[in-house]
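In case you want the letters, here they are:
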Amino acid sequence: MAATPTALLTTRLRSQLLVESTRRKPAQVVSWLCAMQAQEFPAAKWAIGSRAPGCQDGDVEQAFNDGLILRTHVLRPTWHFVTPEDIRWLLKLSAPRIHAQNAYYYRQSELDEKTFAKSCAMIHRTLEGGKTMTRAELAVYLKRAKIPADGLKLAYVMMHAELEGVVCSGPRRGKQFTYALLDERVPKTTKVFERDEALAELAKRYFSSHGPATIRDFAWWSGLPAKDAQTAAESADALESTTVDGTVHWGAKHGNATPFKNAGAWLLPNYDEYLIAYKDRAPFIDATRAANVVARSNGAFANHLVIDGCLAGSWSRTLNAHSVLVEVAPYKKLTPAQSRAVANAVESYGEFFGLPATLSVV
């Protein structure tokens, strides 16, 4: 496994399927990464497409509508893509902790256990029989039952129903999201682990797909307490540890740190797993940029230009029915090799939409 900072990034790029990926279907990518942050749906679709050569936007949309990938609140209080095979055990493991994190907001919204029990029962009755509804449509039924269903109150009612395994994502209706009953969308035969087994499975999946990474990184990504994160990593037989710059990192045994022959560039969306899944972002972010990485203007909310594994700028797009313009803003002037790599990345982005893509360096 990686033993130098450069080898760490090389191994991570492979672990994250950003190079040499053999996955071709959206569900294969999501399954490998276990859970992919997905509150920005268009960006999250590209996060999948960038890891599945030949996959296009419509393929990801179809996989989502067919229920081959699902979107729900899990791990942390935000949306993630998960597969039907993983959703139940991930919810069982992470829901209690997310409820604890949300407890203050539940109280502020005057939502108690009695209200939640009533809302879950109402949502179940309303959706039973294969129905799917938008959040606004469900709010009508909840209000009729005198359940708070406005603004943040509605958001927390629906998140609670997701965490309790009542609902998950249904197919989109145009650009609108719908909810469906989890029991009707996902067979109950999918795997469910006991807690110790779930911890070991989560550690194996995270460090195999995101490693090399630290226990602190894993605790941030998973929402687990540091002690549980450490125990989980140590109990997963498929993992090994090594020290990089004096810090212990974990990853899959025999991780590939062979250097790449050519410069590589990636147009990563905001909240991409390559950046958001680590508490310590120093390996891929220059120290002078670190203070701003979570700022709205140049952080998790921005689309990231990554070159040779390091954050190298930002990018934006203008998409229409006939073409896509990609404007790239690098931190430094690009070398000829980097310019070619960025041009290739822009071409790949256009291919994802089946459109010609034009690059503009700004």
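Above this text is the structure in question.
Thresholds, definitions, all that
Residues numbered from 1 in each chain as written. Predicted model: local features only at pLDDT ≥ 70, side-chain atom pairs only at ≥ 80, totals over all residues. Heavy atoms only, no water. Helix = DSSP H or I, 4+ residues; strand = E, 2+ residues; numbered from the N terminus. Buried < 20%, exposed > 50% of the residue type's maximum accessible area, 1.4 Å probe, protein only. 1 Å grid on protein atoms, 1.4 Å probe; cavity = no way out; pocket = protein on both sides within 12 Å on 5 of 7 lines; lining within 4 Å. Points joined across faces, edges and corners; volume = space filled by probe spheres on them. Nonpolar A, V, L, I, M, F, W, Y, C, P; charged D, E, K, R; others polar. Salt bridge = Lys/Arg side-chain N within 4 Å of Asp/Glu carboxyl O. Axes fitted to C-alpha atoms, helices over the stretch in contact; angles between N-to-C directions. Parallel < 35°, antiparallel > 145°, perpendicular 65-115°, else oblique. Contact = heavy atoms within 4.5 Å. Arc of directions from axis to C-beta.

> Would you mind going over unusual backbone geometry with me for this structure?
Most of the time, phi is negative for any residue but glycine, and the peptide bond is trans. For the bond running from Gly211 to Pro212, omega is 0 degrees, close enough to zero to count as cis. Within the element layout of this structure, Pro212 appears in the loop between helix 10 (195-210) and helix 11 (215-222). A positive phi angle is found at Glu110, which is not glycine, with a value near 60 degrees. Summarising the element assignment, Glu110 is placed in the loop between helix 5 (84-108) and helix 6 (113-127). The class for Glu110 is exposed, based on a relative accessible area of 61%. In this model, Tyr271 sits at a positive phi of 65 degrees, which is unusual for a non-glycine residue. Mapped onto the elements of the fold, Tyr271 is located in the loop between strand 8 (265-268) and helix 13 (273-276). According to the relative accessible area criterion, Tyr271 is buried, its value standing at 11%.

> Would you mind going over the layout of surface pockets with me for this structure?
Here the idea is plain: a probe the size of a water molecule rolls over the atoms and shows the empty space left. In this structure, the largest pocket occupies an estimated 690 Å³ of space. Around the largest pocket sit 30 residues that line it, and Leu18, Ser50, Ala265, Trp266 and Ser348 are the ones nearest its centre. Elements supplying a minimum of two residues to the lining of the largest pocket: helix 3 (41-49), strand 8 and helix 15 (336-353). Tallying contributions element by element places helix 15 first for the lining of the largest pocket, with eight residues. Its residues assigned to classes, the lining of the largest pocket shows 17 nonpolar, nine polar and four charged.

> Sorry, what's going on with the pattern of salt bridges here?
Opposite charge on two side chains makes pairing possible when the charged atoms of those side chains draw close. Per the counting criterion, the structure on display carries 15 salt bridges. The partner of Asp217 in a salt bridge is Arg12, with the nearest N and O atoms 3.9 Å apart. With Asp217 in helix 11 and Arg12 in helix 1 (residues 5-15), this pair connects stretches of sequence that are 205 residues apart. For Asp217, a relative accessible area of 1% translates into the label buried. For Arg12, a relative accessible area of 0% translates into the label buried. Of the charged contacts in the structure, one is a salt bridge between Arg88 and Asp183, with a shortest N-O distance of 3.3 Å. Of this pair, Arg88 sits in helix 5 while Asp183 sits in helix 9 (residues 182-185), and the two are 95 residues apart along the sequence. Through salt bridges with shared partners, one network takes in Lys45, Asp57, Glu61 and Arg172.

> Just checking my understanding: could you explain the packing of helix 2 (residues 26-33) against helix 10 for this structure?
When two helices pack together, their arrangement is captured by the angle between the axes and the distance separating the axes. Their axes nearest at 7 Å, the elements helix 2 and helix 10 cross at an angle of 110 degrees. By the angle between their axes, helix 2 is roughly perpendicular relative to helix 10. For the pair formed by helix 2 and helix 10, the contact residues are Ser31, Trp32 and Leu33 on the first element and Arg205, Ser208, Ser209 and His210 on the second. By residue class, the composition of the contact of helix 2 with helix 10 is two nonpolar, four polar and one charged.

> Can you walk me through helix 7 (residues 135-144) in this structure?
Within an α-helix, residues lying three or four positions from one another point in the same direction, as the helix has 3.6 residues per turn. Within helix 7 the residues assigned to the buried category are Leu138, Ala139 and Leu142. Down the axis of helix 7, the buried set is contained in an arc of 110 degrees. They therefore lie on one face. In helix 7, the exposed positions that point more than 90 degrees away from the buried face belong to Ala136 and Arg144. The inward-facing, buried residues of helix 7 contact helix 6, helix 8 (151-163) and strand 5 (179-181). Two residues or fewer after helix 7 comes Lys146, characterised by a positive phi angle close to 60 degrees.

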